[in-house]
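Residue-level structural notes
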Amino acid sequence: MLAEKQLHLVPWSDLRAGGGNAGHVGEDLRMLLFAEGDADDGAYERLENELEAQGDLFQCAPAAVATIVAAVAEGSIPAANLATVLDVLGRIVAGHADSSEIALGNGDLREQCHAEAMKGYWSLLQVAIERDPFNAWQAARAVLAVLDEENSKRILE
């Protein structure tokens, strides 16, 4: 699985997160992306404040987006988890760099996250087209509305 390899390539411990060091973010992403059903062990809640906190993004966010997009593209996310994963992605792409990141010269986190998410544009469109029982299609449409509302809306009509 490419997304799993992407997870292992990222030096999470070298990146900043909402709680300081992003060392545990990779494991929480792995749980959220690949665990079946409720086996994510609270990863969603932990990631909420590590990748973005109330719309503020941290250094680890672009790497998380790249990993999520890889998992969406390869279809490796369990169907029951896809809407939750896309909710995380939606919050990231709607965010802005935290003031601490701006102070460190990392003020373009939103643009970095958008660039990574756009690599999976067609995969996100595919999810948005397929009406699944878990409503991942709605979450995908919300992500696309942030990334490219005009074009995605025309395609999805």
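That block above? That's the structure.
In short, a report on the structure.

1. Some details on the packing of aromatic side chains
- Here the structure, examined in full by the defined rule, presents one aromatic pair.
- Residues Y121 and W122 carry aromatic rings whose centres are separated by 5.2 Å and whose planes lie at 85 degrees to one another, so their mutual orientation is edge-to-face.
- Positioned over the ring face of W137 is R131, at 3.8 Å from the centre of the ring.

2. Some thoughts on the pattern of salt bridges
- Enumeration over the complete set of coordinates arrives at eight salt bridges.
- Between R30 and E27 there is a salt bridge whose closest N-O contact spans 2.6 Å. Of this pair, R30 and E27 are both found in helix 2 (residues 25–34), three residues apart, which corresponds to roughly one turn of the helix.
- Classification of R30 by relative accessible area gives partly exposed; the value is 27%.
- Between R154 and E150 there is a salt bridge; the shortest N-O distance is 3.3 Å. Of this pair, R154 and E150 both sit in helix 9 (residues 136–156), separated by four residues, roughly a single helical turn. Here the two residues R154 and E150 agree in accessibility, since each one is exposed.

Conventions and cut-offs
Residues numbered from 1 in each chain as written. Predicted model: local features only at pLDDT ≥ 70, side-chain atom pairs only at ≥ 80, totals over all residues. Heavy atoms only, no water. Phe/Tyr/Trp six-rings, centres within 6.5 Å; stacked < 30°, edge-to-face > 60°. Lys NZ or Arg CZ within 6 Å of the ring centre and 35° of its normal. Salt bridge = Lys/Arg side-chain N within 4 Å of Asp/Glu carboxyl O. Helix = DSSP H or I, 4+ residues; strand = E, 2+ residues; numbered from the N terminus. Buried < 20%, exposed > 50% of the residue type's maximum accessible area, 1.4 Å probe, protein only.

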